[in-house]
Amino acid sequence: MKFDDDSLRRAMRRALDGDKPSYRLVLDVSREWLLAYYRRRVAPAMIDDLVQETLMSVHSKRQSFDPSRPYLPWLAAIARYRWVDALRRMRDTEELHPEEIAAEEDDSPIVARLSISRLLSHLPARQANVIVLTRIEGRSVAEAAQICGQSENLVKVNVHRGLKKLAALVESE
Amino acid sequence: MPTSDDLIDRLTAELQPRRTVSPWLGRATLAAIAVLTIAAVAGRFGMRADFAGGRPHSVPLMSELVILSAGCAIAAALTAMARPSVGAFRGGWHWVAAVLAVLPIAALVTAAGNATERAIMYPPDGPFCLVTGSLASLASIVLLTLWLRRGAPTSPERAAWMIGIVGGAIGALAIGLVCPIDAITHIGTWHAGIIVVAALASRAILPRFLRW
């Protein structure tokens, strides 16, 4: 069942007054929205954890929702914060595997404006290329260095700087 | 990890009514702390006679007004950060903060062409203003940090810069009302320096307290 943003706003306002059925509705709809949101941004293995982390943030930070404003932009800001947090954790550890990310496009303008490919287009080519090679295609630093004609150290520097810039771009959206 | 169904069950069961964060309440509380800080500094060191008599000298008055207006604008943007929303424009504070650079720029330009004015830039008078003003900024910085933790600032680093600038502006305002020196070379270095010190310290220390 689809809910418009105004219905969600009203349900969240009731939830802030302690109305549990309204809150469950908000969380159920939020979970579906978040699944679609993260499906295009992180590896499938991470989606459920990230959705649950975001739902917990929605719960702990629900007092920051402005009942006079739409709900989804607020949820999107919370989701983006959790995503940036995941990007930062990923910067030095795990690898992104967006080849597993579902390819379907989401119609939501909020989701569309945050798409990862659009964000990558804001990075210099030398950084975007090595991020795609090492963090998206899963190639080694040595392979990426050979393909791009950069030294291995430069690849590492460009990946680090690119991911840092990517996190900053997501924050500033 | 439990399933998201389990989590939603638990979160729903835990739900309690909660009052929303109000930026206006945050601004009012900050204003009250600012007034108390200024009153405490003025009470301890004595307000300048020209300000107390209602006939302020032009340079200190202009400096106080620049700091006050920039501080108010950044405080308004900062308190709005407690309520996140994709699409809300949050970039204007940079330009307002840049306005504060008018003071050190004026100090440098003045000092470049006038040896007497340049001499006022150096100690012994400056460090007292810098230290006292920095200490005076602490209450506002602590209050803003605690208040913002109730909300959901999505850029802890940016929030930390802004908290430091606002806190430093309150410290600079307070010291500007008691410091007897009129020279822009003094105000533009040591009073504006309070804002720089508070902003750098806040940026270094506060993000870890603002993350959620």
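This is a predicted model, so every value here is computed, not measured.

### Details of the overall build of chain A
A count of helices and strands for chain A gives nine helices and zero strands. Counted from the first residue to the last, chain A has its helices and strands arranged as α-α-α-α-α-α-α-α-α. A buried classification covers 38% of the 173 residues belonging to chain A. Of the contacts formed within chain A by residues at least 6 apart in sequence, a portion of 68% connects residues at least 24 apart.

### Looking at the overall build of chain B
From N to C terminus, chain B includes eleven helices and zero strands. In chain B, the succession of α and β elements from N to C terminus is α-α-α-α-α-α-α-α-α-α-α. For chain B, the C-alpha atoms occupy an extent of roughly 75 × 35 × 25 Å along the three principal directions. Per-residue burial over chain B gives 42% buried out of 212 residues. Across chain B, contacts joining residues at least 24 apart in sequence account for 87% of those joining residues at least 6 apart.

### Some thoughts on the interface of chain A and chain B
Accessible area lost during the coming together of the parts is what is often quoted as the interface size. With 35 residues of chain A in contact, the opposing surface of chain B contributes 25 residues. When residues of the side of chain A that touches chain B are traced back to their parent elements, those giving at least two are helix 1 (5–16), helix 2 (20–39), helix 3 (44–60) and helix 4 (71–92) of chain A. When the residues that make up the side of chain A that touches chain B are grouped by side-chain class, the tally is 15 nonpolar, six polar and 14 charged.

### So, the domain arrangement of chain A
As far as domains go, chain A holds domain 1 (5–95) and domain 2 (116–172). Its C-alpha centre places domain 1 of chain A at a distance of 28 Å from the equivalent point of domain 2 of chain A.

### What to know about the environment of Leu143(B)
With respect to the element layout, Leu143(B) can be found in helix 8 (residues 125–150). C-alpha separation for the pair Leu143(B) and Leu30(B), spaced 113 residues apart in sequence, amounts to 7.4 Å.

### Observations concerning the confidence of the model for chain B
When pLDDT is averaged along chain B, the result is 91, and 97% of the positions lie at 70 or above. Listed scores for the predicted complex are pTM 0.80 and ipTM 0.79.

Reading the values: rules and limits
- Residues numbered from 1 in each chain as written.
- Chains lettered and ligands numbered in written order.
- Predicted model: local features only at pLDDT ≥ 70, side-chain atom pairs only at ≥ 80, totals over all residues.
- Helix = DSSP H or I, 4+ residues; strand = E, 2+ residues; numbered from the N terminus.
- Buried ≥ 20, exposed ≤ 12 C-beta atoms within 10 Å, placed from the backbone.
- Contact = placed C-beta atoms within 7 Å.
- Nonpolar A, V, L, I, M, F, W, Y, C, P; charged D, E, K, R; others polar.
- Domains from an automatic or database assignment.
- pLDDT = per-residue confidence, 0-100.

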